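Notes for the structure review
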Amino acid sequence: MLSASDLEAIWLTIRVATTVTIILLLIGTPIAWWLARTHSRLKGPISAIVALPLVLPPTVLGFYLLIAMGPNGFIGQLTQELGIGTLPFTFWGLIVASVFYSLPFVVQPIQNAIEAIGERPLEVAATLRANSWDRFFTIVLPLAKPGFITAAILGFTHTVGEFGVVLMIGGNIPGQTRVVSVQIYDHVEALEYDQAHKLAAIMIIFSFLVLLSLYSFQRKNTLWGAK
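Here the structure is a predicted model, which is why all the values come from computation and not from measurement. (Residues numbered from 1 in each chain as written. Predicted model: local features only at pLDDT ≥ 70, side-chain atom pairs only at ≥ 80, totals over all residues. Heavy atoms only, no water.)

The UniProt record annotates "transmembrane region" (unreviewed entry) at residues 12-36, 48-69, 89-107, 136-157 and 199-217. Split by type, residues 12-36 is 100% helix and 0% strand. Its first and last C-alpha atoms lie 34 Å apart. (UniProt positions renumbered as here; feature names shortened; annotations may be inferred. Helix = DSSP H or I, 4+ residues; strand = E, 2+ residues; numbered from the N terminus.)

What follows deals with the pattern of salt bridges. Side-chain pairs of opposite charge can arise where the charged atoms are in close proximity. Enumeration over the complete set of coordinates arrives at three salt bridges. A salt bridge links E119 to R37; the shortest N-O distance between them is 2.7 Å. A residue pair is termed long-range when its members are at least 10 positions apart, and E119 in the loop between α5 (91-117) and α6 (120-127) and R37 in helix α1 (residues 4-37) qualify at 82 residues. For R37, a relative accessible area of 27% corresponds to the partly exposed category. Close ionic contact of D186 with R178 constitutes a salt bridge, the shortest N to O distance being 3.3 Å. Residues D186 and R178 agree in their burial class; the two are buried. (Salt bridge = Lys/Arg side-chain N within 4 Å of Asp/Glu carboxyl O. Buried < 20%, exposed > 50% of the residue type's maximum accessible area, 1.4 Å probe, protein only.)

What UniProt calls "domain: ABC transmembrane type-1" (unreviewed entry) maps, in this numbering, to residues 10-216. In this annotation, residues 10-216 is assigned 80% helix and 0% strand; the end-to-end C-alpha distance for the span is 26 Å.

Written out as structure tokens, the structure reads:
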């Protein structure tokens, strides 16, 4: 059986991943829209910045976020002026760090889905006097729905599996920042291999089922599009 601390870590992980996914969809969608539609020279640099977490070691990203959100960092100074305090080693610090780290996993699928729509449907809608919001909700959102679903799944699962950034920013505080990946690490350090096996097995099964569902959805969507 899982211990109370294991269940607490699982519940915290679900809360973090759900919150991060919602935030990423809200901020990632306009970024993906801009990257898919723009011809600006800034597209390359912005795309590179968004994709940085794909190639950066998590500890590097976590280190600079820790400095930025610390008492002398620009984010830390802003949050202190707002009366929030500093974010490192708090639940919301974990959220901010996870948003940065999982950003490309949400932006890129949505961007690819919007680019696949092409210009023609939007141009036709414009001739019918549809404004930008109408075009987004009546054309882009339905046609790019598979990309949004893929983005949500990838953003959620990637957040669940985070370790380096989580440990750098959140530390290891029970009930606040100790997520499943950190809990497994704690079990291994304490030579509690049985507990580590149970949590690791849950993570493997969860990841497999999520990926299986994602690939099945993509296959069905491809077959539907071919018809």
